[in-house]
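# Coordinate inspection notes
Chain residues, written in single-letter form:
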Amino acid sequence: VMIFFVLSGFLITWLLLKEEEQSGTISLKLFYLRRSLRIFPAFYAYWLLLTAASLLLHKRYDVAQAICSLLYVNNYYQALRGDPNTGFSHTWSLGIEEQFYLLWPLVFLLLRHARHRLRFLIAAILSLELYREALIFLFHRDQGYIYEAFDTRADHLLIGCLLAVALRAGVWTGLWRRLCSSPWLAAVPLGLLAISTALALRFGSTYRDAVGFVIDPLLVAVLIVQTIAHPAAGLGVALNWDWMRYLGTISYSVYLYQQLVVDSVRKLTARWPAVSLLAIILAVIAMANASYWIVERPFLRLKKRFEAARARSG
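Everything numeric in this text was worked out from a predicted model, so none of it was measured.

Scanning the model with the defined rule gives 20 aromatic pairs in all. Judged by centre distance (5.5 Å) and plane angle (50 degrees), the rings of phenylalanine 40 and tyrosine 44 are tilted. Residue phenylalanine 40 and its partner tyrosine 44 are located together in helix α2 (residues 28-56), separated by four residues, close to a single helical turn. A relative accessible area of 27% means that tyrosine 44 is categorised as partly exposed. Ring plane angle 85 degrees and centroid distance 6.2 Å describe the contact between tyrosine 44 and tyrosine 72, whose orientation is recorded as edge-to-face. Highlighted residues: tyrosine 44 in helix α2 and tyrosine 72 in the loop between α3 (63-70) and α4 (74-81), separated in sequence by 28 residues. An aromatic cluster is defined as three or more aromatic residues linked by ring pairs; in this entry it consists of Phe4, Phe5, Trp92, Tyr147 and Phe213. Between arginine 35 and the ring centre of tyrosine 101, over which it is positioned, the NZ or CZ distance is 5.2 Å. Residue placement shows arginine 202 over the ring face of phenylalanine 203; its charged tip is 4.9 Å from the ring centre.

Right, dumping it as C-alpha cells:
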C-alpha cells in the first residue's frame, strides 16, 4: 500500500505537469471527471455486490463502516473506531487516495512555478513527518490511527509528487545520474526495503510508524527512478513482461476483490492446503477480470475520450 501511495502521487502529478505543459493550465473539471470514471464504477459495483451478498447470506455487515466506505471516509472511521474486519476494511486506502485527488490539484494550481511547488512539497513532507513523530512519542496515538489516517500518510503521496516535479523540472540531475548509473543499483533500495520490512516484523508498529514510514517511501521513490531509467534491464525487464503489464491493467479490481475472495476461498480449500494459495490467486484474478471487462473497461473508454478532447483543445 505504501508503494502504491508513492507511485500514485508520482503518476497523478506527472499527468498534471504534462497537461499544464501542453495547454498552459489544468482543467479541474476534467481532472475530477477522469478520476471519477476511473475509480467510482468499479468501486461502487463492488460496494453493491458486497452489500447484497452480506444481506442475502446474513454475513456480518457494519452499516456505519459501509456508509463511510461509500463516502470514501472509511480511513477515518477505522482510524478512530477500529477495524471491524469486513469486506470494506481495505477501503481505508481508497479513502486516502480520494482525499488526495480532491486536494492536491487545487494546491498544484495555486503554486504556479516549479520552485514554489518544490519548496511547498519539501516543507509539507518534513512537517507531516514531524507531526507523525509527535503523535507517536508525545501524544501516544494508537497505531491504527497512524496507519490509516490521511494526515499521517499524506507525506507518502507527496514524496511521489515531489519526485515528479523534480524530474520534470530537471533538478538534482547529478543525484539521478548517480542513482541510475547501473540497472543493478535497483538491488540496493530493494534490499533496504526488505531489511526495513524485517525490522517492522521484529519490532512492530513503533518501528514501522516512526522509522519505516520515513525511510521506505524514499526508497520507493529511488526505485521508481531507477526502473524508469532502465526499462530494458534488471527490474524493468520483469515489469515489462506481458503478464505483469496485464496484472497492472487489472490491479485496481485485484485490490478491490482480494479482500472478499481470499477468506472465502481459504475456507473452501481448508482441507487441501497445498492448492489453497493457487486457488486464491486464480479466484482473485477471475473476479478482477470480470470487474475489469464488465465494469471498468467501458468507463475507461469514456475517460480516454475526455483525455483526447483535452489534448485537441491544448
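Additional details are given in the paragraphs that follow.
The next point concerns the environment of serine 54. Mapped onto the secondary structure, serine 54 falls in helix α2. Serine 54 sits in the buried class, given a relative accessible area of 6%. Separated by 32 residues in the primary sequence, serine 54 and threonine 86 place their C-alpha atoms 9.9 Å from one another. Excluding its chain neighbours within four sequence positions, the residues that come into contact with serine 54 are Lys59, Arg60 and Tyr61.

Cut-offs used in this document
- Residues numbered from 1 in each chain as written.
- Predicted model: local features only at pLDDT ≥ 70, side-chain atom pairs only at ≥ 80, totals over all residues.
- Heavy atoms only, no water.
- Phe/Tyr/Trp six-rings, centres within 6.5 Å; stacked < 30°, edge-to-face > 60°.
- Helix = DSSP H or I, 4+ residues; strand = E, 2+ residues; numbered from the N terminus.
- Buried < 20%, exposed > 50% of the residue type's maximum accessible area, 1.4 Å probe, protein only.
- Lys NZ or Arg CZ within 6 Å of the ring centre and 35° of its normal.
- Contact = heavy atoms within 4.5 Å.

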